[in-house]
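# Remarks on the overall topology
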Number of protein chains: 2
Amino acid sequence: MTLTTTSYAILGQLALQPWTMYDLAAQMRRNVTFFFPRAESQVYAEPKRLVERGLATADTEATGKRARTVYSITEAGRAELARWLAEPATKPPQLEFEGLLRVMFAPYGRDEDLARTLDQVRDDIGGMLDTANRIRDEYLEGRAPFQRHVVHRAIMHDFLSSFADLVDEWAERSAARIAKWPEQSDEERLADALEVVRRKPRRTRRRPKQA
Amino acid sequence: MTLTTTSYAILGQLALQPWTMYDLAAQMRRNVTFFFPRAESQVYAEPKRLVERGLATADTEATGKRARTVYSITEAGRAELARWLAEPATKPPQLEFEGLLRVMFAPYGRDEDLARTLDQVRDDIGGMLDTANRIRDEYLEGRAPFQRHVVHRAIMHDFLSSFADLVDEWAERSAARIAKWPEQSDEERLADALEVVRRKPRRTRRRPKQA
DNA sequence: TCTATATACTCCATTTCGGAGTATGGCATT
DNA sequence: AATGCCATACTCCGAAATGGAGTATATAGA
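Presented here is an overview of the structure given in this document.

Conventions we followed
Residues numbered from 1 in each chain as written. Chains lettered and ligands numbered in written order. Predicted model: local features only at pLDDT ≥ 70, side-chain atom pairs only at ≥ 80, totals over all residues. Heavy atoms only, no water. Pairing = 2+ DSSP bridges. Helix = DSSP H or I, 4+ residues; strand = E, 2+ residues; numbered from the N terminus. Phe/Tyr/Trp six-rings, centres within 6.5 Å; stacked < 30°, edge-to-face > 60°. Buried < 20%, exposed > 50% of the residue type's maximum accessible area, 1.4 Å probe, protein only. Least-squares fit on C-alpha atoms with pLDDT ≥ 70 in both. Contact = heavy atoms within 4.5 Å. Salt bridge = Lys/Arg side-chain N within 4 Å of Asp/Glu carboxyl O. Axes fitted to C-alpha atoms, helices over the stretch in contact; angles between N-to-C directions.

## Considering the sheet that holds strand S2 (residues 56-63) of chain A
Residues and elements named next belong to chain A. Taken together, three strands build an open sheet; the order of strands is S1-S3-S2 and the sheet is antiparallel. Because the sheet does not close on itself, it has two edges, and the strands there are strand S1 (19-20) and S2. In this structure, S1 lies alongside strand S3 (residues 66-73), joined through two bridges in antiparallel fashion. When the sheet's bridge partners are listed, Thr 20 is paired in S3 with Val 70.

What follows is the structure, encoded as C-alpha coordinates:
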(Lines give C-alpha, C1' and ligand atoms only; values in the text may rest on other atoms or scores of the structure.)
Protein backbone atom coordinates (compact mmCIF):
# COMPACT_ATOMS: atom_id res chain seq x y z
CA MET A 1 0.00 0.00 0.00
CA THR A 2 0.92 3.61 -0.43
CA LEU A 3 1.87 5.90 2.44
CA THR A 4 -1.05 7.30 4.41
CA THR A 5 -1.34 10.63 6.18
CA THR A 6 -0.52 8.70 9.37
CA SER A 7 2.77 7.66 7.78
CA TYR A 8 3.68 11.29 7.21
CA ALA A 9 2.63 12.18 10.74
CA ILE A 10 5.26 9.72 12.01
CA LEU A 11 7.82 10.63 9.36
CA GLY A 12 7.52 14.26 10.39
CA GLN A 13 8.12 13.40 14.03
CA LEU A 14 11.25 11.51 13.02
CA ALA A 15 12.44 14.61 11.15
CA LEU A 16 12.46 16.44 14.50
CA GLN A 17 14.61 13.82 16.23
CA PRO A 18 15.06 10.03 16.49
CA TRP A 19 12.48 8.34 18.71
CA THR A 20 11.64 5.00 20.19
CA MET A 21 8.07 4.15 19.36
CA TYR A 22 7.25 4.04 23.03
CA ASP A 23 8.34 7.66 23.51
CA LEU A 24 6.75 8.73 20.29
CA ALA A 25 3.46 7.07 21.21
CA ALA A 26 3.52 8.85 24.57
CA GLN A 27 4.40 12.16 22.92
CA MET A 28 1.57 11.82 20.41
CA ARG A 29 -0.89 10.89 23.14
CA ARG A 30 -0.03 14.17 24.84
CA ASN A 31 -0.06 16.53 21.86
CA VAL A 32 -0.76 15.32 18.34
CA THR A 33 -3.82 13.40 19.51
CA PHE A 34 -5.68 16.71 19.84
CA PHE A 35 -5.61 17.33 16.10
CA PHE A 36 -4.68 13.99 14.57
CA PRO A 37 -5.68 11.13 16.85
CA ARG A 38 -4.36 7.64 16.01
CA ALA A 39 -4.51 4.33 17.83
CA GLU A 40 -1.33 3.38 19.63
CA SER A 41 -1.08 0.19 17.60
CA GLN A 42 -0.82 2.34 14.49
CA VAL A 43 1.97 4.44 15.94
CA TYR A 44 3.91 1.22 16.49
CA ALA A 45 3.12 -0.19 13.05
CA GLU A 46 3.98 2.82 10.90
CA PRO A 47 7.76 3.09 11.37
CA LYS A 48 8.19 -0.47 10.15
CA ARG A 49 6.63 0.54 6.87
CA LEU A 50 8.91 3.57 6.74
CA VAL A 51 11.95 1.34 7.22
CA GLU A 52 10.73 -1.01 4.46
CA ARG A 53 10.70 1.93 2.07
CA GLY A 54 14.05 3.27 3.13
CA LEU A 55 12.57 6.43 4.65
CA ALA A 56 13.79 5.53 8.15
CA THR A 57 16.32 3.25 9.81
CA ALA A 58 15.87 1.14 12.94
CA ASP A 59 18.62 0.71 15.52
CA THR A 60 18.27 -1.81 18.30
CA GLU A 61 19.71 -0.81 21.64
CA ALA A 62 19.48 -2.66 24.93
CA THR A 63 18.76 -1.67 28.52
CA GLY A 64 19.91 -4.79 30.33
CA LYS A 65 17.94 -7.62 28.77
CA ARG A 66 15.22 -5.42 27.35
CA ALA A 67 15.66 -4.37 23.74
CA ARG A 68 14.44 -1.10 22.37
CA THR A 69 14.36 0.17 18.83
CA VAL A 70 15.28 3.73 17.96
CA TYR A 71 14.02 4.95 14.59
CA SER A 72 15.75 7.71 12.63
CA ILE A 73 14.82 9.46 9.41
CA THR A 74 17.00 8.98 6.31
CA GLU A 75 17.84 11.50 3.60
CA ALA A 76 15.26 9.81 1.40
CA GLY A 77 12.79 10.27 4.25
CA ARG A 78 13.48 14.00 4.45
CA ALA A 79 13.07 14.31 0.71
CA GLU A 80 9.77 12.42 0.83
CA LEU A 81 8.52 14.63 3.66
CA ALA A 82 9.41 17.77 1.71
CA ARG A 83 7.62 16.36 -1.33
CA TRP A 84 4.50 15.63 0.75
CA LEU A 85 4.51 19.13 2.24
CA ALA A 86 4.20 20.58 -1.25
CA GLU A 87 1.08 18.51 -1.95
CA PRO A 88 -2.41 19.67 -1.11
CA ALA A 89 -4.07 18.15 1.96
CA THR A 90 -6.19 15.09 1.23
CA LYS A 91 -8.93 15.98 3.71
CA PRO A 92 -10.60 19.09 5.07
CA PRO A 93 -10.54 19.81 8.81
CA GLN A 94 -12.90 17.31 10.35
CA LEU A 95 -14.77 17.35 13.58
CA GLU A 96 -16.21 14.36 15.44
CA PHE A 97 -18.39 15.53 18.26
CA GLU A 98 -20.78 13.05 19.86
CA GLY A 99 -21.98 15.79 22.22
CA LEU A 100 -23.44 17.75 19.33
CA LEU A 101 -25.32 14.66 18.23
CA ARG A 102 -26.83 14.58 21.70
CA VAL A 103 -27.80 18.24 21.38
CA MET A 104 -29.39 17.48 18.03
CA PHE A 105 -31.58 14.75 19.50
CA ALA A 106 -32.14 16.51 22.83
CA PRO A 107 -35.84 17.09 22.02
CA TYR A 108 -36.27 13.33 22.58
CA GLY A 109 -34.58 13.36 25.97
CA ARG A 110 -34.89 15.39 29.14
CA ASP A 111 -33.50 18.87 29.66
CA GLU A 112 -31.32 17.61 32.48
CA ASP A 113 -29.68 15.12 30.10
CA LEU A 114 -28.73 18.04 27.90
CA ALA A 115 -27.37 19.97 30.86
CA ARG A 116 -25.25 16.97 31.83
CA THR A 117 -24.00 16.57 28.27
CA LEU A 118 -22.82 20.18 28.19
CA ASP A 119 -21.25 19.76 31.59
CA GLN A 120 -19.34 16.74 30.37
CA VAL A 121 -18.15 18.60 27.29
CA ARG A 122 -16.50 21.14 29.59
CA ASP A 123 -14.81 18.37 31.54
CA ASP A 124 -13.70 16.64 28.36
CA ILE A 125 -12.16 19.76 26.87
CA GLY A 126 -10.35 20.47 30.15
CA GLY A 127 -7.41 18.29 29.15
CA MET A 128 -6.91 20.23 25.95
CA LEU A 129 -7.17 23.54 27.80
CA ASP A 130 -4.54 22.36 30.29
CA THR A 131 -2.24 21.20 27.52
CA ALA A 132 -2.64 24.45 25.59
CA ASN A 133 -1.80 26.48 28.68
CA ARG A 134 1.20 24.33 29.52
CA ILE A 135 2.57 24.67 25.99
CA ARG A 136 1.91 28.39 26.03
CA ASP A 137 3.97 28.78 29.20
CA GLU A 138 6.76 26.63 27.78
CA TYR A 139 7.12 28.80 24.70
CA LEU A 140 6.88 32.09 26.59
CA GLU A 141 9.55 30.92 29.01
CA GLY A 142 11.71 29.64 26.17
CA ARG A 143 11.87 26.09 27.49
CA ALA A 144 9.65 24.28 24.98
CA PRO A 145 11.04 21.02 23.56
CA PHE A 146 11.06 22.49 20.04
CA GLN A 147 11.57 26.13 20.87
CA ARG A 148 13.52 26.50 17.61
CA HIS A 149 10.28 26.01 15.72
CA VAL A 150 8.31 28.57 17.73
CA VAL A 151 7.50 30.58 14.62
CA HIS A 152 5.52 27.67 13.19
CA ARG A 153 4.40 26.21 16.48
CA ALA A 154 2.79 29.53 17.40
CA ILE A 155 0.43 29.08 14.44
CA MET A 156 -0.51 25.60 15.66
CA HIS A 157 -0.92 26.77 19.20
CA ASP A 158 -3.11 29.65 18.09
CA PHE A 159 -5.50 27.20 16.47
CA LEU A 160 -5.57 24.60 19.21
CA SER A 161 -6.06 27.02 22.06
CA SER A 162 -8.70 28.90 20.09
CA PHE A 163 -10.49 25.62 19.49
CA ALA A 164 -10.41 24.58 23.14
CA ASP A 165 -11.63 28.03 24.16
CA LEU A 166 -14.45 27.86 21.64
CA VAL A 167 -15.69 24.51 22.92
CA ASP A 168 -15.53 25.61 26.54
CA GLU A 169 -17.17 28.98 25.92
CA TRP A 170 -19.89 27.45 23.79
CA ALA A 171 -20.72 24.84 26.42
CA GLU A 172 -20.73 27.49 29.12
CA ARG A 173 -23.03 29.94 27.37
CA SER A 174 -25.34 27.16 26.17
CA ALA A 175 -25.63 25.72 29.68
CA ALA A 176 -26.41 29.19 31.00
CA ARG A 177 -29.22 29.55 28.49
CA ILE A 178 -30.84 26.20 29.10
CA ALA A 179 -30.67 26.85 32.85
CA LYS A 180 -33.18 29.65 32.27
CA TRP A 181 -35.66 27.49 30.36
CA PRO A 182 -37.71 26.34 33.37
CA GLU A 183 -38.87 29.87 34.17
CA GLN A 184 -39.32 30.94 30.54
CA SER A 185 -42.38 30.78 28.35
CA ASP A 186 -42.26 29.07 24.96
CA GLU A 187 -42.17 32.49 23.32
CA GLU A 188 -39.21 33.62 25.37
CA ARG A 189 -37.30 30.43 24.60
CA LEU A 190 -38.02 30.83 20.91
CA ALA A 191 -36.97 34.47 20.93
CA ASP A 192 -33.75 33.54 22.72
CA ALA A 193 -32.99 30.82 20.18
CA LEU A 194 -33.54 33.11 17.22
CA GLU A 195 -31.37 35.70 18.87
CA VAL A 196 -28.55 33.16 19.10
CA VAL A 197 -28.93 32.28 15.43
CA ARG A 198 -29.08 35.92 14.39
CA ARG A 199 -26.37 37.36 16.60
CA LYS A 200 -23.23 36.32 14.81
CA PRO A 201 -21.91 38.61 12.11
CA ARG A 202 -21.96 36.14 9.25
CA ARG A 203 -18.61 35.32 7.79
CA THR A 204 -18.94 34.18 4.20
CA ARG A 205 -16.89 32.14 1.81
CA ARG A 206 -13.89 34.11 0.69
CA ARG A 207 -14.05 33.18 -2.97
CA PRO A 208 -17.37 32.41 -4.61
CA LYS A 209 -17.50 28.76 -5.61
CA GLN A 210 -16.40 28.21 -9.20
CA ALA A 211 -18.83 26.53 -11.59
CA MET B 1 -22.21 -6.56 18.69
CA THR B 2 -23.65 -3.73 20.70
CA LEU B 3 -25.02 -0.51 19.26
CA THR B 4 -22.42 2.10 18.34
CA THR B 5 -22.68 5.88 18.44
CA THR B 6 -23.30 5.66 14.70
CA SER B 7 -26.36 3.51 15.41
CA TYR B 8 -27.77 6.23 17.64
CA ALA B 9 -26.94 8.86 15.04
CA ILE B 10 -29.22 6.98 12.62
CA LEU B 11 -31.81 6.13 15.24
CA GLY B 12 -32.09 9.81 16.15
CA GLN B 13 -32.67 10.74 12.52
CA LEU B 14 -35.45 8.18 12.33
CA ALA B 15 -37.04 9.76 15.41
CA LEU B 16 -37.43 12.95 13.38
CA GLN B 17 -39.22 11.22 10.51
CA PRO B 18 -39.11 8.04 8.41
CA TRP B 19 -36.39 8.05 5.77
CA THR B 20 -35.11 5.99 2.88
CA MET B 21 -31.42 5.36 3.37
CA TYR B 22 -30.70 7.18 0.15
CA ASP B 23 -32.33 10.37 1.43
CA LEU B 24 -30.81 9.94 4.83
CA ALA B 25 -27.35 9.43 3.37
CA ALA B 26 -27.78 12.59 1.31
CA GLN B 27 -29.06 14.51 4.33
CA MET B 28 -26.15 13.38 6.46
CA ARG B 29 -23.68 14.28 3.75
CA ARG B 30 -25.09 17.80 3.80
CA ASN B 31 -25.28 18.38 7.58
CA VAL B 32 -24.30 15.73 10.07
CA THR B 33 -21.04 15.08 8.25
CA PHE B 34 -19.71 18.36 9.66
CA PHE B 35 -19.72 17.07 13.22
CA PHE B 36 -20.10 13.30 12.91
CA PRO B 37 -18.75 12.10 9.56
CA ARG B 38 -19.49 8.48 8.57
CA ALA B 39 -18.88 6.53 5.37
CA GLU B 40 -21.95 6.16 3.18
CA SER B 41 -21.66 2.38 3.37
CA GLN B 42 -22.13 2.70 7.13
CA VAL B 43 -25.25 4.81 6.76
CA TYR B 44 -26.73 2.03 4.63
CA ALA B 45 -25.65 -0.74 6.97
CA GLU B 46 -26.91 0.68 10.28
CA PRO B 47 -30.69 0.61 9.82
CA LYS B 48 -30.55 -3.12 9.13
CA ARG B 49 -29.07 -3.61 12.57
CA LEU B 50 -31.76 -1.39 14.05
CA VAL B 51 -34.47 -3.50 12.39
CA GLU B 52 -32.84 -6.70 13.71
CA ARG B 53 -33.15 -5.31 17.23
CA GLY B 54 -36.70 -4.14 16.80
CA LEU B 55 -35.74 -0.47 17.08
CA ALA B 56 -36.93 0.29 13.56
CA THR B 57 -39.14 -1.22 10.86
CA ALA B 58 -38.46 -1.45 7.14
CA ASP B 59 -41.19 -0.98 4.53
CA THR B 60 -40.53 -1.74 0.91
CA GLU B 61 -42.21 0.50 -1.60
CA ALA B 62 -41.79 0.50 -5.36
CA THR B 63 -41.36 3.18 -7.99
CA GLY B 64 -42.03 1.17 -11.14
CA LYS B 65 -39.55 -1.69 -11.07
CA ARG B 66 -37.19 -0.05 -8.61
CA ALA B 67 -37.67 -0.94 -4.98
CA ARG B 68 -36.96 1.40 -2.12
CA THR B 69 -37.00 0.79 1.59
CA VAL B 70 -38.42 3.29 4.03
CA TYR B 71 -37.25 2.91 7.62
CA SER B 72 -39.31 4.07 10.60
CA ILE B 73 -38.56 4.15 14.30
CA THR B 74 -40.55 1.90 16.68
CA GLU B 75 -41.66 2.65 20.23
CA ALA B 76 -38.79 0.48 21.46
CA GLY B 77 -36.50 2.61 19.32
CA ARG B 78 -37.75 5.82 20.92
CA ALA B 79 -37.27 4.33 24.37
CA GLU B 80 -33.74 3.22 23.49
CA LEU B 81 -32.91 6.69 22.14
CA ALA B 82 -34.17 8.32 25.35
CA ARG B 83 -32.10 5.88 27.38
CA TRP B 84 -29.00 6.70 25.36
CA LEU B 85 -29.55 10.44 25.77
CA ALA B 86 -29.34 10.02 29.54
CA GLU B 87 -25.92 8.33 29.26
CA PRO B 88 -22.66 10.25 29.24
CA ALA B 89 -20.90 10.66 25.89
CA THR B 90 -18.36 7.95 25.11
CA LYS B 91 -15.84 10.31 23.48
CA PRO B 92 -14.68 13.87 23.90
CA PRO B 93 -14.95 16.30 20.98
CA GLN B 94 -12.30 15.21 18.50
CA LEU B 95 -10.57 17.07 15.76
CA GLU B 96 -8.81 15.58 12.75
CA PHE B 97 -6.93 18.27 10.91
CA GLU B 98 -4.29 17.26 8.39
CA GLY B 99 -3.59 20.93 7.68
CA LEU B 100 -2.29 21.43 11.23
CA LEU B 101 0.07 18.50 10.73
CA ARG B 102 1.41 20.34 7.71
CA VAL B 103 1.85 23.47 9.82
CA MET B 104 3.70 21.42 12.43
CA PHE B 105 6.18 20.09 9.87
CA ALA B 106 6.34 23.31 7.85
CA PRO B 107 9.95 23.96 8.94
CA TYR B 108 10.89 21.04 6.65
CA GLY B 109 9.08 22.46 3.63
CA ARG B 110 8.97 25.80 1.87
CA ASP B 111 7.10 28.86 3.08
CA GLU B 112 4.99 28.84 -0.07
CA ASP B 113 3.80 25.29 0.75
CA LEU B 114 2.55 26.60 4.07
CA ALA B 115 0.82 29.52 2.37
CA ARG B 116 -0.89 27.11 -0.01
CA THR B 117 -1.92 24.85 2.86
CA LEU B 118 -3.61 27.75 4.66
CA ASP B 119 -5.23 28.81 1.43
CA GLN B 120 -6.64 25.35 0.96
CA VAL B 121 -7.96 25.31 4.52
CA ARG B 122 -10.02 28.38 3.69
CA ASP B 123 -11.39 26.71 0.58
CA ASP B 124 -12.14 23.52 2.48
CA ILE B 125 -14.03 25.28 5.23
CA GLY B 126 -16.04 27.24 2.66
CA GLY B 127 -18.60 24.45 2.36
CA MET B 128 -19.25 24.51 6.06
CA LEU B 129 -19.51 28.30 6.08
CA ASP B 130 -22.04 28.13 3.23
CA THR B 131 -24.06 25.46 4.99
CA ALA B 132 -24.06 27.38 8.28
CA ASN B 133 -25.28 30.52 6.53
CA ARG B 134 -27.98 28.65 4.64
CA ILE B 135 -29.26 27.03 7.82
CA ARG B 136 -29.15 30.35 9.64
CA ASP B 137 -31.34 31.95 6.97
CA GLU B 138 -33.76 29.02 7.05
CA TYR B 139 -34.31 29.33 10.78
CA LEU B 140 -34.60 33.12 10.74
CA GLU B 141 -37.17 32.93 7.95
CA GLY B 142 -39.02 30.14 9.71
CA ARG B 143 -38.71 27.69 6.81
CA ALA B 144 -36.16 25.22 8.21
CA PRO B 145 -37.01 21.53 7.81
CA PHE B 146 -37.12 21.07 11.59
CA GLN B 147 -38.18 24.54 12.62
CA ARG B 148 -40.03 22.99 15.57
CA HIS B 149 -36.68 22.13 17.11
CA VAL B 150 -35.18 25.58 16.69
CA VAL B 151 -34.56 25.91 20.43
CA HIS B 152 -32.13 22.98 20.32
CA ARG B 153 -30.91 23.49 16.78
CA ALA B 154 -29.83 27.02 17.69
CA ILE B 155 -27.33 25.52 20.14
CA MET B 156 -25.95 23.25 17.42
CA HIS B 157 -25.84 26.03 14.91
CA ASP B 158 -24.04 28.28 17.37
CA PHE B 159 -21.27 25.72 17.68
CA LEU B 160 -20.94 24.82 14.02
CA SER B 161 -20.91 28.36 12.74
CA SER B 162 -18.47 29.39 15.47
CA PHE B 163 -16.21 26.51 14.46
CA ALA B 164 -16.30 27.38 10.77
CA ASP B 165 -15.60 31.02 11.60
CA LEU B 166 -12.70 30.03 13.81
CA VAL B 167 -11.05 27.93 11.12
CA ASP B 168 -11.51 30.62 8.48
CA GLU B 169 -10.32 33.45 10.72
CA TRP B 170 -7.33 31.47 11.93
CA ALA B 171 -6.25 30.62 8.39
CA GLU B 172 -6.71 34.22 7.33
CA ARG B 173 -4.71 35.80 10.14
CA SER B 174 -1.99 33.14 9.90
CA ALA B 175 -1.65 33.65 6.16
CA ALA B 176 -1.40 37.40 6.73
CA ARG B 177 1.42 36.87 9.20
CA ILE B 178 3.46 34.52 7.07
CA ALA B 179 3.06 36.89 4.11
CA LYS B 180 5.17 39.38 6.07
CA TRP B 181 8.01 36.94 6.76
CA PRO B 182 10.07 37.71 3.64
CA GLU B 183 10.69 41.29 4.71
CA GLN B 184 11.11 40.54 8.43
CA SER B 185 14.26 39.77 10.37
CA ASP B 186 14.50 36.62 12.47
CA GLU B 187 14.00 38.75 15.58
CA GLU B 188 10.81 40.29 14.23
CA ARG B 189 9.41 36.92 13.28
CA LEU B 190 10.21 35.57 16.72
CA ALA B 191 8.65 38.56 18.47
CA ASP B 192 5.53 38.16 16.33
CA ALA B 193 5.27 34.48 17.19
CA LEU B 194 5.60 35.08 20.92
CA GLU B 195 3.01 37.83 20.66
CA VAL B 196 0.59 35.34 19.11
CA VAL B 197 1.21 32.85 21.91
CA ARG B 198 0.89 35.51 24.59
CA ARG B 199 -2.09 37.41 23.26
CA LYS B 200 -4.96 35.20 24.20
CA PRO B 201 -6.50 35.67 27.61
CA ARG B 202 -6.00 32.20 28.93
CA ARG B 203 -9.14 30.31 29.66
CA THR B 204 -8.52 27.62 32.25
CA ARG B 205 -10.17 24.42 33.28
CA ARG B 206 -13.38 25.16 35.11
CA ARG B 207 -12.95 22.62 37.86
CA PRO B 208 -9.50 21.59 39.03
CA LYS B 209 -8.83 17.99 38.13
CA GLN B 210 -9.68 15.60 40.95
CA ALA B 211 -6.94 13.33 42.30
C1' DT C 1 12.26 -7.98 49.48
C1' DC C 2 8.10 -6.89 47.53
C1' DT C 3 5.08 -4.27 44.80
C1' DA C 4 3.63 -1.01 41.76
C1' DT C 5 4.51 1.62 37.97
C1' DA C 6 7.12 2.71 33.74
C1' DT C 7 9.22 0.99 29.69
C1' DA C 8 8.77 -1.37 25.30
C1' DC C 9 6.45 -3.41 22.70
C1' DT C 10 3.07 -7.51 19.85
C1' DC C 11 -1.21 -9.41 18.40
C1' DC C 12 -5.67 -9.68 16.59
C1' DA C 13 -10.80 -9.64 16.32
C1' DT C 14 -13.93 -6.28 15.05
C1' DT C 15 -15.09 -1.97 12.72
C1' DT C 16 -14.86 1.41 9.47
C1' DC C 17 -13.59 3.51 5.29
C1' DG C 18 -13.83 4.57 0.69
C1' DG C 19 -14.45 3.62 -3.76
C1' DA C 20 -16.19 0.75 -7.43
C1' DG C 21 -20.08 -1.47 -9.20
C1' DT C 22 -25.13 -2.34 -10.55
C1' DA C 23 -29.52 -1.09 -12.09
C1' DT C 24 -33.72 1.64 -12.83
C1' DG C 25 -36.33 6.25 -13.28
C1' DG C 26 -37.12 10.52 -15.33
C1' DC C 27 -36.08 14.66 -17.77
C1' DA C 28 -34.06 17.24 -21.58
C1' DT C 29 -32.22 17.25 -26.21
C1' DT C 30 -31.84 16.06 -30.80
C1' DA D 1 -38.78 8.38 -30.92
C1' DA D 2 -34.35 7.46 -29.58
C1' DT D 3 -30.44 8.91 -26.86
C1' DG D 4 -27.88 10.53 -23.17
C1' DC D 5 -27.30 11.97 -18.70
C1' DC D 6 -28.12 12.75 -14.01
C1' DA D 7 -30.74 11.27 -9.86
C1' DT D 8 -32.34 7.51 -7.22
C1' DA D 9 -31.36 3.41 -4.54
C1' DC D 10 -28.65 0.73 -3.17
C1' DT D 11 -24.54 -3.66 -2.65
C1' DC D 12 -19.94 -5.29 -2.23
C1' DC D 13 -15.37 -5.74 -0.72
C1' DG D 14 -10.35 -5.04 -0.04
C1' DA D 15 -7.60 -2.30 2.69
C1' DA D 16 -6.98 0.37 6.88
C1' DA D 17 -7.70 1.58 11.52
C1' DT D 18 -9.39 0.83 16.09
C1' DG D 19 -9.13 -0.53 20.68
C1' DG D 20 -8.13 -3.43 23.76
C1' DA D 21 -5.62 -7.56 25.82
C1' DG D 22 -1.40 -9.67 26.48
C1' DT D 23 3.90 -10.27 27.34
C1' DA D 24 8.08 -9.22 29.48
C1' DT D 25 11.81 -6.50 31.62
C1' DA D 26 13.44 -2.30 34.46
C1' DT D 27 13.24 0.68 38.24
C1' DA D 28 11.84 3.35 42.20
C1' DG D 29 9.79 3.39 46.63
C1' DA D 30 7.86 1.20 50.98
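Following the structure, the description resumes.
## So, the packing of aromatic side chains
Taken as a whole and judged by the stated rule, the model has eleven aromatic pairs over all chains. Summarising the aromatic geometry, the rings of Tyr 8 of chain A and Trp 84 of chain A are spaced 4.9 Å apart at their centres and angled 5° between planes, so their arrangement reads as stacked. A residue pair is termed long-range when its members are at least 10 positions apart, and Tyr 8 of chain A in helix H1 (residues 5-16) and Trp 84 of chain A in helix H4 (residues 75-85) qualify at 76 residues. Accessibility assignment for this pair places Tyr 8 of chain A and Trp 84 of chain A in one class, buried. Note on Phe 159 of chain A and Phe 97 of chain B: the rings are 5.0 Å apart at their centroids and 75° apart in plane angle, and the pair reads as edge-to-face. In this pair, Phe 159 of chain A is assigned in helix H7 (residues 150-179) and Phe 97 of chain B in the loop between strand S4 (94-96) and helix H5 (98-104), connecting two distinct chains.

## Brief notes about the relation of the copies chain A and chain B
Note that the two copies of the chain are related through a rotation about an axis and a translation along the same axis. Overlaying chain A on chain B yields an RMSD of 0.1 Å, the required transformation being a rotation through 180° with an accompanying axial translation of 0.0 Å. Expressed as an axis order, the relation between the two copies is that of a two-fold axis. Minimal C-alpha distance to the rotation axis in chain A is attained by Leu 95 of chain A, lying at 2.4 Å. Same-surface contact between copies: 100% of interface residues of chain A are shared with the interface of chain B.

## Points about the pattern of salt bridges
Taken as a whole and assessed by the stated rule, the structure comprises 50 salt bridges over all chains. Between Arg 68 of chain B and Glu 61 of chain B there is a salt bridge, with the nearest N and O atoms lying 3.4 Å from each other.

## Some thoughts on the sheet that holds strand S2 (residues 56-63) of chain B
Residues and elements named next belong to chain B. A sheet is described by the order of its strands in space; here three strands give the open sequence S1-S3-S2, paired in antiparallel fashion. Of all the strands in the sheet, just strand S1 (19-20) and S2 have a single pairing partner and so form its edges. Across the sheet, helix H1 (residues 5-16) touches S1, S2 and strand S3 (66-73), and the angle it forms with S3 is around 90°.

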